[in-house]
Amino acid sequence: ALIRTGAILLSTLAIIVLLSCGNQGSNQSEGVFEKVSNPDKSLTLEDLKAVGFKKSKTYDVSELTGADSAHFGFWGKDPYDRKDFEVRFYPTGQAAVDDGTIFAEERVGENAVLDKKESSWPEGLKDARQCGGDKASGPASHGIQNCKKAKYWDYFIYGNLILFCPGGNIDTAIEICTELLEVLDNP
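Everything numeric in this text was worked out from a predicted model, so none of it was measured.

**Describing the environment of Trp153**
Tracing the backbone shows Trp153 in strand β9 (residues 152-158). Measuring from C-alpha to C-alpha, the distance between Trp153 and Gly109 comes to 4.1 Å, with 44 residues separating the pair along the chain. Ignoring any residue separated from it by four or fewer positions in sequence, one finds Trp153 in contact with Val108, Gly109, Glu110, Cys165, Gly167, Gly168, Asn169, Ile170 and Ala173. Separated by 3.3 Å, the side chain of Trp153 and the backbone oxygen of Ala150 make a polar contact.

Below is the structure:
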């Protein structure tokens, strides 16, 4: 229990640090994007498609406060190594921050809310999970009960876009999202 409490405190501290470091002014700091950047930029799904993003699904956002649209798809600099992303569009950068942050926080990291009954916005939860388990343990280890690990470990608010970052940990997630943000920032 002490280890779990320590992990929760560490995760909470990391979120607080990331949120406090993000500002709505400059968009980059030493090559790393701020948590919130380019608040006046207005992006569309077409902007993502123009840099190679492939949309797989469009989600129903009728229950996602303030959102214009949300999509699941994939992108990667290397066409043979593409990663899954969830993207959400809001009318403005400020709306993304005001309306989207609470929903975004719920979907990322070790403590992500991935149970449909507990989630504030359960749309797309299946795509936000990844499975874990030991293949040697047999078929039982691959059941749905073992597919509740978070796929997304962080997110960025870039203009009116919330971009969810896949990865097995926060550092990898930030690196993967940064690659896509750099391409969006310099099309």
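**A short note on the nonpolar core**
Looking at soluble globular proteins, one finds that nonpolar side chains tend to be buried together. Counting residues in hydrophobic clusters, the biggest one holds 25 residues, and the most contacted among them are Leu64, Tyr90, Trp121, Tyr155, Ile157, Ile162 and Phe164. Of all the secondary structure elements, the ones that give two or more residues to this core are β5 (69-75), α3 (93-107), β9 and β10 (161-166). The element contributing the most residues to this core is α3, with five residues. Setting aside its immediate chain neighbours within four residues, Leu64 contacts Ala70, Arg88, Tyr90, Phe103 and Trp121. Ranked by size, the runner-up nonpolar core spans 22 residues in total, among them Leu48, Cys165, Ala173 and Ile176.

**Here we look at the environment of Ile102**
Looking at the secondary structure, you find Ile102 in helix α3. Overall, the relative accessible area of 62% leaves Ile102 in the exposed class. Placed 37 residues apart in sequence, Ile102 and Thr65 show a C-alpha to C-alpha distance of 10.0 Å.

**Overview of the state of the cysteines**
Counted by the stated rule, this structure contains one disulfide. Across a sulfur-sulfur distance of 2.0 Å, Cys165 and Cys177 are joined as a disulfide pair. When the S-S torsion is -105 degrees, as for the bridge of Cys165 with Cys177, the disulfide is left-handed. Of this pair, Cys165 sits in strand β10 while Cys177 is found in helix α4 (residues 170-185), placing the two residues twelve residues apart along the sequence. You can call Cys165 buried: its relative accessible area is 0%.

**Structural notes on the pattern of salt bridges**
As enumerated under the stated definition, the model contains seven salt bridges in all. The partner of Arg88 in a salt bridge is Glu86, with the nearest N and O atoms 2.7 Å apart. For Arg88, a relative accessible area of 0% translates into the label buried.

**Description of the sheet that holds strand β6 (residues 83-89)**
Spatial ordering of the open sheet is given by β3-β9-β10-β6-β5-β4, a layout of six strands whose pairing is mixed. In this open sheet, the two edge strands, each paired with only one partner strand, are β3 (36-37) and β4 (54-59). Strands in contact with α3 are β3, β6, β9 and β10; relative to β9, the strand with the most contacts, it is inclined by about 175 degrees. Packed on one face of the sheet, α4 meets β5, β6, β9 and β10 and runs near 30 degrees to β9.

**Things to note about the packing of aromatic side chains**
All told, the structure shown has four aromatic pairs when counted by the stated rule. Ring geometry for Tyr152 and Phe164: centres 5.8 Å apart, planes at 55 degrees, overall tilted. Highlighted residues: Tyr152 in strand β9 and Phe164 in strand β10, separated in sequence by twelve residues. Looking at Tyr152, the relative accessible area reads 0%, which means it is buried. Members of the aromatic cluster, each reached through a chain of ring pairs, are Tyr152, Tyr155 and Phe164. The ring of Tyr155 carries Lys35 above its face, with NZ or CZ at 3.8 Å from the centroid.

Reading the values: the criteria
- Residues numbered from 1 in each chain as written.
- Predicted model: local features only at pLDDT ≥ 70, side-chain atom pairs only at ≥ 80, totals over all residues.
- Heavy atoms only, no water.
- Helix = DSSP H or I, 4+ residues; strand = E, 2+ residues; numbered from the N terminus.
- Contact = heavy atoms within 4.5 Å.
- Polar contact = N/O pair within 3.5 Å; in protein donor to acceptor, adjacent residues only side chain to side chain.
- Core = buried A, V, L, I, M, F, W, Y, C linked by side-chain atoms within 4.5 Å.
- Buried < 20%, exposed > 50% of the residue type's maximum accessible area, 1.4 Å probe, protein only.
- Disulfide = S-S within 2.5 Å.
- Salt bridge = Lys/Arg side-chain N within 4 Å of Asp/Glu carboxyl O.
- Pairing = 2+ DSSP bridges.
- Axes fitted to C-alpha atoms, helices over the stretch in contact; angles between N-to-C directions.
- Phe/Tyr/Trp six-rings, centres within 6.5 Å; stacked < 30°, edge-to-face > 60°.
- Lys NZ or Arg CZ within 6 Å of the ring centre and 35° of its normal.

On their own, these measurements won't tell you what the molecule is for.
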